[in-house]
Amino acid sequence: MKTEEELGKLLQAKNLTLSTAESCTGGRVAAAITSVAGCSEYFKGSIVAYSNEVKMNLLEVAADTLEKHGAVSRETVMEMAAGAMKTLKTDCAIATSGIAGPGGGTPEKPVGTIWIAVAYKTEMITTMQTGDNGREKNVQNAVQNALDLLVELVK
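Residues numbered from 1 in each chain as written. Predicted model: local features only at pLDDT ≥ 70, side-chain atom pairs only at ≥ 80, totals over all residues. Heavy atoms only, no water.

Chemist: Would you explain unusual backbone geometry in this entry?
Modeler: A negative phi angle is the norm for most residues apart from glycine, just as the trans form is the norm for most peptide bonds. Proline 102 follows glycine 101 through a cis peptide bond whose omega is 5°. Residue placement: proline 102 occurs in the loop between β3 (92-98) and β4 (114-120). At asparagine 15, a position not held by glycine, the phi torsion is positive, near 55°. The topology assignment puts asparagine 15 in the loop between α1 (3-13) and β1 (18-22). Despite not being glycine, lysine 89 shows a phi value in the positive range, around 55°. Relative to the assigned elements, lysine 89 resides in the loop between α5 (74-88) and β3. (Helix = DSSP H or I, 4+ residues; strand = E, 2+ residues; numbered from the N terminus.)

Written as structure tokens, this is what we have:
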């Protein structure tokens with residue numbers, strides 16, 4: 001069973017709803033979730049927040065957080081996940097922000113650095129994905145890691 005199918009069964013069994021807030025994955029987490037038949041029972045929607053303006057206006061990420069820590073940070077994805085749950089009124093959320101590549105990296109945050117946050121009501125887990133395997137693989141890995149992480153949290 002694919003992770004997105006396992007997640008769907010878990011969410012349905014516990015009568016939970018889900019939203020996503022995505023930057024570097026560009027809606028790919030939502031696409032994986034919506035590839036499962038019956039997902040409309042638990043998936044409410046996604047905000048693809050590529051710009052800081054959208055992160056602030058729709059997901060309530062604080063300007064101060066972006067200034068201090070940057071868009072690619074643990075603090076930002078935590079605020080994105082919380083903002084998605086609040087804006088879309090869900091029990092759970094997945095948030096991603098990172099540098100998929102091939103450009104955009106810095107010595108502090110090299111290409112392939114992707115932060116993921118998953119939230120289940122008041123609980124939240126974050127992880128940082130590192131290593132550059134090319135843009136496509138970096139994004140694919142982030143989607144899989146995000147889904148795995150939420151399954152782990154909801155279980």
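So much for the structure itself; the text now carries on.
Chemist: Quick question: what am I supposed to make of the nonpolar core here?
Modeler: Nonpolar side chains in soluble globular proteins tend to be buried together. Counting residues in each nonpolar core, the largest one holds 31 residues, and the members touching the most others are Leu18, Ile33, Cys92, Ile94, Leu147 and Leu150. Looking at this core, the elements that each hand over two or more residues are α1, α2 (28-34), β3, β4 and α6 (135-154). Per-element tally for this core: the top contributor is α6, with ten residues. Ignoring sequence-local partners within four residues, the contact set of leucine 150 consists of Leu7, Leu18, Cys92, Ile94, Val118 and Ala119. (Core = buried A, V, L, I, M, F, W, Y, C linked by side-chain atoms within 4.5 Å. Buried < 20%, exposed > 50% of the residue type's maximum accessible area, 1.4 Å probe, protein only. Contact = heavy atoms within 4.5 Å.)

Chemist: Hey, could you run me through the environment of alanine 71 in this one?
Modeler: With respect to the secondary-structure elements, alanine 71 resides in the loop between α4 (63-69) and α5. For alanine 71, a relative accessible area of 21% puts it in the partly exposed group. Sequence spacing of alanine 71 and asparagine 145 is 74 residues, and the spatial spacing of their C-alpha atoms is 19 Å. Excluding residues within four positions of it along the chain, alanine 71 makes contact with Asn52, Lys55, Leu66, Thr76 and Ser97.

Chemist: I keep staring at the sheet that holds β4 and nothing clicks. Help me out?
Modeler: Pairing between sheet strands relies on hydrogen bonds along the backbone, with the strands arranged either parallel or antiparallel. Read across the sheet, five strands follow the order β2-β1-β3-β4-β5 without closing on themselves; strand pairing throughout is mixed. The sheet is open, and its two borders are formed by β2 (43-48) and β5 (123-129), each paired with just one other strand. Here the average twist between neighbouring strands, direction ignored, is 10°. Summarising the sheet, β3 and β4 pair through seven bridges and their orientation is antiparallel. Its bridge partner being in β4, alanine 95 is matched across the sheet by alanine 117. This element, helix α3 (residues 52-59), spans β1, β2 and β3 of the sheet and lies at about 140° to β2. In the packing of α6 onto the sheet, contacts are made with β1, β3, β4 and β5, and the angle to β4 comes to roughly 25°. (Pairing = 2+ DSSP bridges. Axes fitted to C-alpha atoms, helices over the stretch in contact; angles between N-to-C directions.)

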